[in-house]
Amino acid sequence: MAEAHPVGFRWVMKAKERGARVIHVDPRFSRTSQLADRHVAIRAGTDIAFLGGLIRHVLETESYFREYVLHYTNASAIVGEQFQDAEELGGLFSGWDPETGTYDRSTWAYEGGEVAAAAGVREHSTQAFEGKSGMHAGEFKRDETLQHPRCVFQLLKRHYARYTPEMVERICGISHEDFLAVADALVENSGRERTTAFCYAVGWTQHTAGVQMIRAASILQLLLGNFGRPGSGILALRGHASIQGSTDIPTLYDLLPGYLPMPRSRADDLTLEGYITSNGALRGWWSNFDKYAVSLLKAWFGDAARAENDYGFPRLPKISGNHSHFATTMRALDGGLDGFFVMGQNPAVGSQHAGLQRRALARLRWLVVRDLAEIETASFWRDSPEVRSGELRTEEIATEVFLMPAATHVEKEGCFTNTQRLVQFRDKALDPPGDARSELWFMHHLAKRVIARYAGSRRERDWPIANLRWDYPEHGPTREPDVEAVLKEINGYDVADGRPVSTFNELKADGTTACGCWIYAGIFADGVNQARRRDPGAIDDPAGGWVSPEWAWAWPANRRTLYNRASADPDGRPWSERKRFVWWDEEAGRWGGYDVPDFQPDKRPDYRPPEGARGMDAISGAEPFMMMADGRAWLYAPSGLNDGPLPTHYEPIESPVENLLYPQLSSNPTGIRWQRAENPINPTSDPRFPLVATSFRLTEHHTAGGMSRWLPWLAELQPEMFAEIDPVIAADRGIEDGGWMTIVTERAEIEARAHVTDRIKPLRVDGRPLHQIALPWHWGYGGPLPGDSTNDLGLISGDPNVSIQESKAFSCDVRAGRRSRPTTTRLVGAAPPRPPVPTNADDPSAEEPKEAAE
Amino acid sequence: MADTGARPGSFERLRRLPLVGRALDWGMGESALSPATREAGARIAGLRATESVCPYCAVGCGQVVYTRGGRLVDIEGNPRSPINQGTLCPKGAASRQLVQQPGRLTKVRYRRPGGTEWEELELERAMDMIADRLIAAREAGWQDEDHYGRRVDRTLGFAHLGGATLDNEENYLIKKLFTAMGAVQIENQARI
Ligand code: SF4
């Protein structure tokens, strides 16, 4: 965090000054470890074993926050008889189908709970509010004594019983002493008076069990009562200025704005009613699903969206499998993609198995790259390793390339959403130079051209374009579209008079409101750009400086801490004076506090739903997690995940170590493997690849370097690709500090300067020494500061829930000296060129969304 | 539209004063000024100040952008921001060079199929050519149904990548136009 989110870490240091204890768990000793009270070295990719050990410790020592667990989590829920745990089935849960490599998740349901159809068929889950599909029409059976053998609490105990400190030591390489120190610190700093926060970044997400790593931390934090309270939570540290925003208002294949799922090629999604019924909910917040869906269609199709044509819903495109970045890369590689837009991203360096990415670019008809400089994705046809090696010839690469100059953040106005959902508006300071333009300008003027070409078309497929509402005013000599007009549409408005809505509570399902992204409703409340507010408040006022409610605007509804109803006890009183945040004000008959309450403002803590209640009425006044159908946070996830209701230790797909807990299985059985000759896997425990590699970031560079390697200051600060390696393995391989070394996987070999250092220590794993190599991934072959790319080494793989690749743990080998070939690739000739597949050929993942499982 | 005029005036006025302007920017009181600094005055005095946000990581540090006559002079941490209180990390502090980097593109570069060099292209002409190709790719990749006979109403002819470095409004227009055209292969850095 000190390295990649330095100014965020400043607040960790402030907390430390006030007595907070800081623990850093990471394969390598970094700038963060240096400032922490304790650094715990872990084998990359074994976090679930470690967190599972902590969960077991908290349960065994009865250190959990009992009242919180009992009232705010699903610990007391009783799971159906058909459920079998991974402990009983050698690492697999009940419902496993070896043919398809997927689970029938209906076996994970609560007893007596009906699971909505969507839960059973959804192949890709959305990233937020997961579990909304687990809608139970029946009443939940509970055992408030937590003794029932099938209650979640007991299941949890049994599931983690073997995750002992000894097992943690054997799997993770974490000593008894370190383990206990962490466990004690967690327990001592949780409860009524104290809270603990977890901060994580892609070190937890970029794994084939990445989602479950976060889940494991959630379970631990729920047991300790660390959600919705000041100083608590699990805080995702995100690496791009608006990566949160681009998930909320998604440039993602499986989502529509506001986490509404993309329609899918199934009977339910052919009509608006079917889409709403199968994705909405009877209980909890998602009972409002219809209002958000109809309002989005009104924002897009205006007057043409009417009740009698289902507001245009049936004309939306439908997904039928995995259309993620990697699936599209494979399609392009097979010649099945004509055109590709790349805006502010650099897949030729930044995407996994980058050599394959570049070969895919060479098979496009046309490519549009929008960036500030000539990044590798734009120049691959003349200087990529594949061209230099002679594998590809520039004259034979038929891709037509448009490299469009983009505007920087100070040359346009607009808003970013930061890592805590805070939406901050930037004013424009100067004009972009020459023909450089914003993406807003590009999309607007492209849209005008496209719409003009389809105007008046009566073809069914052209309906969405011919009726697309696109009337943004333009200004200035370049005819820049009015960014606030776009933001107002995102906010939503009353169709009759154009008045901006103030909250999503005003949205309706009858076509009288329009809203581009319901969770952003209120960002233009009262016709004022709330994201442009700049009053930080008084720093010593708890309602001011710590929360700064008038600095910019946070979704939803300007709430700064989600689920903050949990900062008060079931009766609505703060758990302690020290940790007061949001509480029930009996006199006012409302929730009040320092933050905007994340709860219905006047729902009394003693409200209990009447029999058969629906929607928000079905959530009691003592259930803070209102996005969930049962109002409770889920220790056990009866639906919504593809790889199990409880996090389970699996090895990374590529690991030099067997799975000690589930020897038959090794890696996540549902992990996505793209099995083809160009994407070869290093087999488990292959003696050719005995080392673990992990990638990391430097303060002085940004992601794939497109925004940092071209800057003289930053280039000078970190000029060269290097690798961190421990002295033992370095001596063994004859690698000298400052000398060259080569890192090898099945995909590629890259060279780097060796940094022989104790920062990355050998571990003892299952009684044997294990060595790790740490690689920054900012360099590429182009620009003023060339260097080999770490991502050339990687395997294309995917977490089964979100398709993120496993780049934080893979196996490799190293040797002294420079690489042996003119190119980084080892794959020449691995796959003979095939005849191109037609562009409209069906998506292969429609048949097998998850390729053959191990 | 959004100009500095709309910002609370007091901040602007204070910043124009050399000494206070400097003190504000460094997040320090007057006491921190040495006599030499007092003499030198502020490099940023008299410049137009615009409030912005760092374009690198998602911490979201506030920035103040100083310009003179439409030219960028410097970018510093915004002392008013409760996130960074005037500080920036090396990337944020280098962001002036992001704008003024030596390799900054200002013209469209075009590489024809099989071409060995970049060519220059006029912006409006490039936009026309892209629109033509986009429409052709949409039509070539169109599917009413998949091979199971399920309705899909989509095109697989073109794809989009990127968004995490862009503005929310930009992502909104990308998703809106490309979805209306039937595209499903729309992705960004969130999975990376
Ligand atoms: S200044 Fe550094 S820490 Fe702050 S947003 Fe920019 S990159 Fe992140």
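Being a predicted model, the structure only gives us computed values, none of them experimental.

Moving on: the sheet that holds strand β4 (residues 108–111) of chain B. Within the open sheet, the seven strands sit side by side as β5(B)-β4(B)-β11(A)-β10(A)-β9(A)-β8(B)-β9(B). Their pairing is mixed. In the strand order of this sheet, the two ends are held by β5 (119–121) and β9 (186–187) of chain B, each with one partner. Contacting β9 (339–343), β10 (366–371) and β11 (400–405) of chain A, helix α19 (residues 439–454) of chain A crosses the sheet at an angle of about 150° to β9 of chain A.

The next thing to look at is the domain arrangement of chain A. One widely used convention gives an interface's size as the accessible area the parts lose upon coming together. Residue and element names in this part refer to chain A. Per the domain assignment, the segments of chain A are domain 1 (1–40), domain 2 (325–411 + 427–450) and domain 3 (672–816). With eight residues of domain 1 in contact, the opposing surface of domain 3 contributes eleven residues. Both faces combined, the contact of domain 1 with domain 3 buries some 770 Å², and carbon together with sulfur accounts for 48% of it. In terms of surface lost to domain 3, no three residues of domain 1 exceed E3, P27 and R28, which account for 64% of the buried area on that side.

For the structure shown, the criterion picks out 79 salt bridges over all chains. With a shortest N-O distance of 3.0 Å, E396 of chain A and R393 of chain A are connected by a salt bridge. Of the residues examined, R393 of chain A reaches a relative accessible area of 43% and is grouped as partly exposed. For the salt bridge of R534 of chain A with E51 of chain B, the shortest nitrogen-to-oxygen distance reads 3.8 Å. One end of the pair, R534 of chain A, is in the loop between β17 (513–514) and β18 (553–554); the other, E51 of chain B, is in strand β1 (residues 48–53), on a second chain. For R534 of chain A, a relative accessible area of 12% puts it in the buried group.

Around the ligand sit P6 and V7 of chain A together with C54, Y56, C57, G60, C61, L88, C89, K91 and G92 of chain B, and that is every residue in its neighbourhood. Mapping the residues near the ligand onto chains gives chains A and B. Mapped onto the shell around the ligand, the elements with two or more residues apiece are α1 (6–17) of chain A together with α4 (90–93) of chain B.

UniProt's entry tags residues 692–794 of chain A with the feature "domain: Molybdopterin dinucleotide-binding" (unreviewed entry), counted in the numbering of this structure. The span residues 692–794 of chain A carries 13% helix and 32% strand; its end-to-end C-alpha distance comes to 12 Å.

Throughout the structure, instances matching the rule amount to 16 cavities of 30 Å³ or more. Put simply, the largest cavity is a space of about 410 Å³. Around the largest cavity, the lining is made up of 32 residues, and of these G344, Q345, D371 and M707 of chain A together with T165 of chain B lie nearest the centre. Elements with a contribution of two residues or more to the lining of the largest cavity: α15 (347–350) and β10 of chain A.

Taking the UniProt record as the reference, the feature "domain: Molybdopterin oxidoreductase" (unreviewed entry) is found at residues 3–371 and 403–449 of chain A. Segment residues 403–449 of chain A splits into 23% helix and 26% strand. End C-alpha atoms: 19 Å apart.

Looking now at the interface of chain A and chain B. Across the boundary between the two partners, chain A contributes 168 residues, which contact 126 residues of chain B. Taking both sides of the interface into account, the surface hidden between chain A and chain B amounts to around 13,400 Å²; carbon and sulfur atoms contribute 61%. A per-residue breakdown of the area chain A buries against chain B is headed by T251, R449 and R461 of chain A, which together make up 6% of the total. The tally of links from chain A across to chain B stands at 19 salt bridges. Two residues, R449 of chain A and D128 of chain B, come together in a salt bridge whose shortest N-O distance is 2.7 Å. Our count for the contact surface shared by chain A and chain B stands at 81 residue pairs in polar contact (both at pLDDT 80 or more). When residues in the side of chain A that touches chain B are grouped by element, the largest group, twelve residues, is from α19 of chain A. Class assignment for the residues of the side of chain A that touches chain B results in 85 nonpolar, 44 polar and 39 charged.

Position of S242 of chain A among the secondary structure elements: in the loop between β6 (234–236) and α11 (245–248). For S242 of chain A, a relative accessible area of 0% corresponds to the buried category. Not counting residues within four places of it along the chain, the set of residues in contact with S242 of chain A comprises C415, F416 and T417 of chain A together with G163, A164, L166 and N168 of chain B.

We now examine the side chain of R819 of chain A. Residues and elements named next belong to chain A. By the element assignment, R819 lies in the segment after β30 (810–816). Within the local environment of R819, its side chain forms a polar contact with the side chain of D788, the two groups lying 2.8 Å apart. Aside from chain neighbours lying at most four places away, what touches R819 is T742, E749, E751, D788 and T824.

Averaged over every residue, the pLDDT of chain A is 93; residues scoring 70 or more account for 95%. In this model, residues 115–137 of chain A is a region of pLDDT below 50 whose contacts with residues beyond four sequence positions or in other chains number 85 contacts.

Once that is clear, we can look at the pairing of strand β12 (residues 414–417) of chain A. All names here are of chain A. Neither face of β12 is left uncovered, since the one carrying G414 and F416 and the one carrying C415 and T417 both have all their residues buried. Pairing geometry for β12 and strand β13 (residues 422–426), over four bridges, is antiparallel. Within β13, the residue paired with T417 across the bridge is V423. Hairpin geometry of β12 and β13 is characterised by an intervening segment of four residues between the two adjacent antiparallel strands and by a positive phi of about 70° at R421.

Here the UniProt feature "domain: 4Fe-4S Mo/W bis-MGD-type" (unreviewed entry) sits at residues 47–103 of chain B. Split by type, residues 47–103 of chain B is 16% helix and 35% strand. Its first and last C-alpha atoms lie 26 Å apart.

Residues and elements named next belong to chain A. Helix α16 (residues 354–361) packs onto helix α14 (residues 325–333) with a crossing angle of 50° between their chain directions and a minimal axis gap of 8 Å. One way to sum up the angle between α14 and α16 is to call them oblique. In the crossing of α14 with α16, the sense of the turn from one axis to the other is left-handed. Counted together, H325, F326, T329, M330, A332 and L333 of α14 and L356, Q357, R359 and A360 of α16 form the full contact between these two elements. Counted by class, the contact of α14 with α16 contains six nonpolar, three polar and one charged residues.

Thresholds, definitions, all that
Residues numbered from 1 in each chain as written. Chains lettered and ligands numbered in written order. Predicted model: local features only at pLDDT ≥ 70, side-chain atom pairs only at ≥ 80, totals over all residues. Heavy atoms only, no water. Pairing = 2+ DSSP bridges. Helix = DSSP H or I, 4+ residues; strand = E, 2+ residues; numbered from the N terminus. Contact = heavy atoms within 4.5 Å. Axes fitted to C-alpha atoms, helices over the stretch in contact; angles between N-to-C directions. Domains from an automatic or database assignment. Buried area = accessible area lost by both parts, 1.4 Å probe. Salt bridge = Lys/Arg side-chain N within 4 Å of Asp/Glu carboxyl O. Buried < 20%, exposed > 50% of the residue type's maximum accessible area, 1.4 Å probe, protein only. Near = heavy atom within 4 Å. UniProt positions renumbered as here; feature names shortened; annotations may be inferred. 1 Å grid on protein atoms, 1.4 Å probe; cavity = no way out; pocket = protein on both sides within 12 Å on 5 of 7 lines; lining within 4 Å. Points joined across faces, edges and corners; volume = space filled by probe spheres on them. Polar contact = N/O pair within 3.5 Å; in protein donor to acceptor, adjacent residues only side chain to side chain. Nonpolar A, V, L, I, M, F, W, Y, C, P; charged D, E, K, R; others polar. pLDDT = per-residue confidence, 0-100. Parallel < 35°, antiparallel > 145°, perpendicular 65-115°, else oblique. Left-handed = near helix turned anticlockwise from the far one by under 90°.

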